[in-house]
Amino acid sequence: KSNNGTGYFTYDCWSHDGRFIYHSDSNKYKRVIDFHRSELIKIPGAQGTTWRTRENTLVFLRGGALEMMNLESVPTVTVIAESIEGRMGNVDGNDEYVYLWDTPEGVIRYSLEAGGGRERCSVPRGSKVEANPVHPVVNVKRADGKEPLGVGGLWMNLDGSDQKWM
């Protein structure tokens, strides 16, 4: 995230192998740049993007749906779930789930496999949830006022056990 000099912020995130970069300039442009083919792929309406950890698939929210776009050959979109409320976290290190936070039910994780479903996580509601891309832990910066946010927030196993403030 960086200020582009106009008061707006740009959001850039690289795919796991560095072939693609997602770029969003506030709400105006949403696109992926493919550095191997020198192509620009527009993704109108995408919000809250994250990459799968082991393949060049972008996961994002668009129009109330949770979607994935595989960019390896011809970009194809797969709808994971519809009628989604919440904010995008990221994909876990096993490349199995994407986490959403600030939903009416708290933290929810959705399977990235066809027909995999969803489950509510027993992690506290937080202002930001990030799954570690390598280890089976999640970081939550709590917003309920019970504990200070601290530098790293609250670390715990994916099932909510072994909570530690850092």
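Residues numbered from 1 in each chain as written. Predicted model: local features only at pLDDT ≥ 70, side-chain atom pairs only at ≥ 80, totals over all residues. Heavy atoms only, no water.

Turning to the sheet that holds strand β13 (residues 118-120), a few remarks are in order. One open sheet accounts for four strands, arranged β10-β11-β12-β13; its pairing is antiparallel. Here the strands that pair on one side only, and so sit at the sheet edges, are β10 (87-91) and β13. Ignoring strand direction, the axes of neighbouring strands in this sheet form an average angle of 25°. (Pairing = 2+ DSSP bridges. Helix = DSSP H or I, 4+ residues; strand = E, 2+ residues; numbered from the N terminus. Axes fitted to C-alpha atoms, helices over the stretch in contact; angles between N-to-C directions.)

Taken as a whole and judged by the stated rule, the model has two aromatic pairs. Note on W14 and F35: the rings are 5.5 Å apart at their centroids and 25° apart in plane angle, and the pair reads as stacked. Residue W14 is found in strand β2 (residues 9-14), and its partner F35 is found in the loop between β4 (29-34) and β5 (39-42); the two are separated by 21 residues along the sequence. Owing to a relative accessible area of 44%, F35 belongs among the partly exposed residues under this scheme. Over the aromatic face of Y97 sits the side chain of R109, whose NZ or CZ is 3.8 Å from the ring centroid. (Phe/Tyr/Trp six-rings, centres within 6.5 Å; stacked < 30°, edge-to-face > 60°. Buried < 20%, exposed > 50% of the residue type's maximum accessible area, 1.4 Å probe, protein only. Lys NZ or Arg CZ within 6 Å of the ring centre and 35° of its normal.)

Turning our attention to the side chain of K30. Within the secondary structure, K30 sits in strand β4. A distance of 3.4 Å separates the side chain of K30 from the side chain of S24, its partner in a polar contact. A distance of 3.5 Å separates the side chain of K30 from the backbone oxygen of A46, its partner in a polar contact. Contact partners of K30, with chain neighbours within four places excluded, come to Y22, H23, S24, I41, K42, I43 and A46. (Polar contact = N/O pair within 3.5 Å; in protein donor to acceptor, adjacent residues only side chain to side chain. Contact = heavy atoms within 4.5 Å.)

Moving on: the sheet that holds strand β7 (residues 57-62). The antiparallel open sheet is built from four strands, whose spatial order is β6-β7-β8-β9. Each having just a single partner strand, β6 (47-51) and β9 (76-81) make up the two edges of the open sheet. Taken over all neighbouring pairs, the strand axes of this sheet differ in orientation by 25° on average, direction set aside.

Judged from the two bridges that link them, strand β16 (residues 154-157) and strand β17 (residues 164-165) form a sheet pairing that is antiparallel. Paired with L154 across the strands is W165, a residue of β17.

Mapped onto the elements of the fold, V137 is located in strand β15 (residues 137-142). Here the alpha-carbon distance between V137 and Q163, two residues 26 residues apart in the chain, equals 9.7 Å. Aside from chain neighbours lying at most four places away, what touches V137 is E130, A131, N132, W155, M156, N157 and L158.

All right, on to the pairing of β4 then. Here β4 shows a clear split, with K30, V32 and D34 buried on one side and none of Y29, R31 and I33 buried on the other. As defined by bridge partners, strand β3 (residues 20-25) adjoins β4 across six bridges and the pair is classed as antiparallel. Looking at the pairing, S24 lines up with K30 of β4. With four bridges joining them, β4 and β5 adopt antiparallel strand pairing. Residue pairing across strands places D34 opposite E39, the latter belonging to β5. Counting the residues between successive antiparallel strands, the hairpin from β4 to β5 contains four residues, one of them, S38, with a positive phi of roughly 55°.

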